[in-house]
Amino acid sequence: MIASQKMSARNVLVRKLDAVETLGCVSVVCSDKTGTLTRGDMTLGDMVHFSSPTAMETVTDFSKTDPADKNTLPSKMLRGGIRNNATVIGKDNKFIGSPTEVAMMKAGLEAWGVKKVKDVMDNTTLYEIPFDSANKYMFIAEPYNEGGQLFSLKGAPERVAKFCKYAYVGQGGQAAIKLMTPEMQEVIAANAKTLMGQAKRVLGIAERRANYPADFHWDSATADFAKENFLCDMVFIGLFGIQDPPKPGVKQAVEDCHAAGVRVIMITGDHPDTGVAIAKEISIIPAHGELPPFTVITDKELADKVPSGESFVDDGSDEANKLEAFWTQVVVHARVFARVTPIHKQLIVQALQKWGGKQADGKCYGDIVAMTGDGVNDAPALKQANVGVAMGIRGTEVAKDAADIVLLDDEFSSIVHGIEQGRLSSENLQKSIAHTLCSKVPQCMPNFMELLGIPLALNVSQVLAIDIGTDIWTAIAYAWQPKESALMERKPRHPTLEKIVNGGVLVYAYAYMGLMQMVCCWYFYFQAPGIWNNLGKSEFTPEEAHTNKVASTMYYYTLVVGQIAAAMATTTYHESLFKYLAPNGKLNICIGMEVIFAMLIIFEPTSQGIFMTTGLTAKQLLMPWMTFVAISCVEEIRKSFARKAVHAREVVLQNFFVREVAPQNPLTQRLLDA
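Conventions used here
Residues numbered from 1 in each chain as written. Predicted model: local features only at pLDDT ≥ 70, side-chain atom pairs only at ≥ 80, totals over all residues. Heavy atoms only, no water. Helix = DSSP H or I, 4+ residues; strand = E, 2+ residues; numbered from the N terminus. Rg over C-alpha atoms; globule rule 2.2 N^0.38 Å. Contact = heavy atoms within 4.5 Å. Areas by Shrake-Rupley, 256 points an atom, 1.4 Å probe, with all protein chains shown as cover. Lys, Arg positive; Asp, Glu negative; His and termini not counted. Charge placed at Lys NZ, Arg CZ, Asp CG, Glu CD. Disulfide = S-S within 2.5 Å. Buried < 20%, exposed > 50% of the residue type's maximum accessible area, 1.4 Å probe, protein only. Expected span 1.5 Å × (residues − 1). Polar contact = N/O pair within 3.5 Å; in protein donor to acceptor, adjacent residues only side chain to side chain. Phe/Tyr/Trp six-rings, centres within 6.5 Å; stacked < 30°, edge-to-face > 60°. Lys NZ or Arg CZ within 6 Å of the ring centre and 35° of its normal. Axes fitted to C-alpha atoms, helices over the stretch in contact; angles between N-to-C directions. Parallel < 35°, antiparallel > 145°, perpendicular 65-115°, else oblique. Left-handed = near helix turned anticlockwise from the far one by under 90°. Salt bridge = Lys/Arg side-chain N within 4 Å of Asp/Glu carboxyl O. Pairing = 2+ DSSP bridges. Arc of directions from axis to C-beta. Nonpolar A, V, L, I, M, F, W, Y, C, P; charged D, E, K, R; others polar.

Draft legend 1. Molecular detail of the overall build of the protein. When you go through the protein residue by residue, the secondary structure sums to 26 helices and 19 strands. For a compact globule of 674 residues, the expected C-alpha radius of gyration is about 26 Å, and the protein comes in at 35 Å, more than 25% above that figure. For the protein, the C-alpha atoms occupy an extent of roughly 120 × 55 × 40 Å along the three principal directions. The contacts in the protein between residues at least 6 apart in sequence include a share of 72% that link residues at least 24 apart. Per element, the accessible surface of the protein, about 29,400 Å² overall, is 59% carbon and sulfur. Across the protein, 65 positive and 72 negative side-chain charges occur, with their mean positions spaced 2 Å apart.

Draft legend 2. Region of interest: the environment of Asp270. Mapping Asp270 onto the fold places it in the loop between strand 14 (263–267) and helix 11 (272–281). As a C-alpha pair, Asp270 and Ile237 span 33 residues in sequence and 21 Å in three-dimensional space. Those residues within four positions of Asp270 in sequence are excluded, and the remaining contacts are Lys33, Arg201, Ala338 and Arg339.

Draft legend 3. Seen up close, the environment of Phe225. By the element assignment, Phe225 lies in helix 9 (residues 223–229). In this structure Phe225 touches Phe216 and Phe230, once residues within four positions along its chain are discounted.

Draft legend 4. Expanded view of the state of the cysteines. Going through the model one piece at a time under the given rule, you end up with zero disulfides. With no disulfide partner, Cys164 has as its closest neighbouring cysteine sulfur the one in Cys232, 11 Å distant. Its relative accessible area of 8% is what places Cys164 among the buried residues. With no disulfide of its own, Cys257 lies closest to Cys30 among cysteine sulfurs, the gap being 12 Å. When its relative accessible area of 2% is taken as the criterion, Cys257 is described as buried.

Draft legend 5. Looking closely at helix 23 (residues 585–603). The terminal C-alpha atoms of helix 23 lie 27 Å apart, and with 19 residues this matches the ideal 27 Å at 1.5 Å per residue to within 8%. Residues of helix 23 that are buried sit in contact with helix 19 (460–477), helix 21 (542–569) and helix 24 (605–611). Capping the start of helix 23, Asn584 holds a side-chain oxygen 3.2 Å from the backbone nitrogen of Lys586, two or three residues further along.

Draft legend 6. Structural view of the packing of aromatic side chains. Per the stated rule, a full pass over the model turns up 30 aromatic pairs. Ring geometry for Tyr508 versus Tyr512: centroids 5.3 Å apart, planes at 50°, classification tilted. Remark: Tyr512 and Tyr508 occur in helix 20 (residues 503–525); sequence separation between them is four residues, near one turn of the helix. Judged by relative accessible area, Tyr512 falls into the buried class, the value being 10%. The cationic tip of Lys305 hangs over the ring face of Phe326; the distance from NZ or CZ to the ring centre is 4.9 Å.

Draft legend 7. Geometry of the packing of helix 17 (residues 412–438) against helix 21. At a minimum axis separation of 9 Å, helix 17 and helix 21 run at an interaxial angle of 160°. Relative to helix 21, the element helix 17 is oriented roughly antiparallel. Relative to helix 21, the crossing made by helix 17 is right-handed. Touching His435, Thr436 and Cys438 of helix 17 are Gln563, Ala566 and Ala567, all from helix 21.

Draft legend 8. Structural detail: the pattern of salt bridges. Inspection of every chain in the model, using the stated rule, returns 32 salt bridges. Taking the shortest distance from any N to any O, the salt bridge between Glu158 and Arg339 comes out at 3.1 Å. Here Glu158 is found in helix 7 (residues 157–161), whereas its partner Arg339 is found in the loop between strand 16 (336–338) and helix 14 (342–355), with 181 residues between them in sequence. Taking the relative accessible area as the measure of exposure, Glu158 reaches 37% and is therefore partly exposed. A single salt-bridge network, built from bridges that share partners, covers Lys33, Arg201, Asp244 and Asp270.

Draft legend 9. Region of the structure containing the side chain of Glu420. Within the secondary structure layout, Glu420 lies in helix 17. The class for Glu420 is buried, based on a relative accessible area of 12%. Not counting residues up to four positions away in its chain, the partners in contact with Glu420 are Arg10, Lys483, Leu487 and Met488.

Draft legend 10. Examining the side chain of Glu142 more closely. Looking at the secondary structure, you find Glu142 in strand 8 (residues 137–143). Side-chain polar atoms of Glu142 contact the side chain of Asn123, separated by 2.5 Å. Not counting chain neighbours up to four residues away, the residues in contact with Glu142 comprise Arg79, Arg83, Asn123, Thr124, Leu126, Gln149 and Leu150.

Draft legend 11. Here's a closer look at the sheet that holds strand 17 (residues 369–373). The strand order across the open sheet built from eight strands is 1-19-18-17-2-14-16-15, with neighbouring strands paired in mixed fashion. With one partner strand each, in any of the chains shown, strand 1 (12–14) and strand 15 (296–298) form the two edges of the open sheet. Sheet twist, expressed as the mean angle between neighbouring strand axes with direction ignored, is 20°. Pairing analysis gives three bridges linking strand 1 to strand 19 (residues 405–407), with the strands arranged antiparallel. Counterpart to Leu13 in the pairing with strand 19 is Val406. Contacts from helix 17 reach strand 1, strand 2 (28–32), strand 14, strand 17, strand 18 (387–391) and strand 19 within the one sheet, and its direction differs from that of strand 2 by about 160°.

Draft legend 12. Fine view of helix 6 (residues 114–121). Residues of helix 6 that are buried: Val117, Val120 and Met121. Looking down the long axis of helix 6, one finds its buried residues gathered within 100° of arc, a one-sided arrangement.

Draft legend 13. Geometry of the packing of helix 21 against helix 23. Running from N to C, helix 21 and helix 23 cross one another at 180°; their axes reach a closest spacing of 11 Å. Taken together, the axes of helix 21 and helix 23 are roughly antiparallel relative to one another. The residues of helix 23 that touch helix 21, namely those facing Thr553, Tyr556, Tyr557, Val560, Ile564, Ala567 and Met568, are Leu587, Ile591, Glu594, Val595, Phe597, Ala598, Met599, Ile601 and Ile602. Here the contact of helix 21 with helix 23 is composed, by residue class, of 14 nonpolar, one polar and one charged.

Draft legend 14. Representation of unusual backbone geometry within the structure. A positive phi angle, near 70°, is found at Phe294, a position not held by glycine. With respect to the helices and strands, the residue Phe294 is situated in the loop between helix 11 and strand 15. Here Phe294 falls in the partly exposed class, since its relative accessible area comes to 29%. One non-glycine residue, Met612, lies in the positive phi region at around 60°. Mapped onto the elements of the fold, Met612 is located in the loop between helix 24 and helix 25 (618–622).

Right, dumping it as structure tokens:
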């Protein structure tokens, strides 16, 4: 609950509590491009059309266009761009609709004003094929004011071009319809590639006149009929170049993920060239150099890489072997998935979970995947992911219901903050457990030593005082422990391989810190005057019983001090306390309360009777604090060696050309290793 409240303060709403820990284990973040990595506030920047059969020209000033102009190609393009039913103008000229069509609408408003744009929008729609991720185009048929109908088609350039038999060439009244040639197709592809290389979303637009009878039943036209009869022999007009720049801070957030050993994969419906350009700009892939195979995956490559069933299987069939050969490469190298559909997103998650997370022994334990989504069709992928991440502002209610967490600000950097908080929660839980276990060895040992004739050093009530009055409050205070500086420089913890309570924790608590505490407790136990004379006795005089009480109180008080030392020591894995200091105010208060509670047990008469303690002299109260000094010094020495060992491992990994270097996760590293 504490961790989820902290995450909420950083615009990460946790819908399922177990998502906090899982988010800290994430090794791959699959993110949509538009609106998450980019601003989602698209702007029409370029309109490109043929100036001659071998060249195209770019128009960036739309103020000279006019919706009434039937000849000028930029006017034709802009009118066709804003003619859609998916975008409407709300109150105060605000926009509702997809970001791409909103970009067209804004350009029209700036060039023509509200009235002219509404006149275009209000024209009757006779027939429509709405845009979807499979077709990647939209088609509208509307009445033409000179008679007949006007068909307009816009969408992915390669999809629009294949329906075009002709193209407008020229400018103004000189624009002529020319037969589309293969050379002109190459010019279109080259100009589209140039725009995509500038990280722009590119749409093609085409039109043609038709003359269907006035009583034609448009409602009865099927999709196949429309594709065969309406979309044929289109006349290509030009290309739109739409800008959607990356959000501020995304590049740094992606680099923070890389430093933390978390891969970022962009999933977009855009052309691969557009996706690659954005990915280079925000450091998902290197800005320079040739990309290795499988870095960019398109829908064409995925077409025959989908399992025939609901998920991947290992049945030894030809299909299973083919899929495994492909996806084992993809899950390692892929950084951009382009022209993909929401259905592909679930497939990508399944592949990462099945073949990702390959270890040195060659076994795949699966990546821990976070997937973003905002649409209704994203729900299956969000449910499939280890952590489904919905957008709080533009996300649908269906996506939010399917998600584990919701980003209240739709910012990618909030995912990074969530990963950091998830890691911090796991580490603080482990530190809390380690601290609590430290006292168990010195608590248990007096019972065994009593069998050897040593008077009982710690009775049951004193053990309860340690557990309830000392350890429990400190353990809770760890929930507010700030992060270490290297928290996001470590590779993620895999929950299957790396448990919170592992060998390192047990060795640290029992064989290292607990052993030091026990030695100090016995040392100061035997500092009680006359205790050596009581060894081996079963019955004691009142004076000898008092001596036993003094020794027992010394043992108890030394253990309290030892647990305070352990509390300070376990606040960091490697970082020196001289640098880290004591930033957790709640832990500091708990430590102060522990000392006060111990004083009450030692000096308050009623407590003395309950806990079998007795008052100590000033010297006897000060001596056990040497335990704090000794444990702290040993810990600082251990941490200095541990830091050197981590640095040495980094150097070795870099020398062996590891692509993404991250220090060893201390949750699996034995805390005594140096």
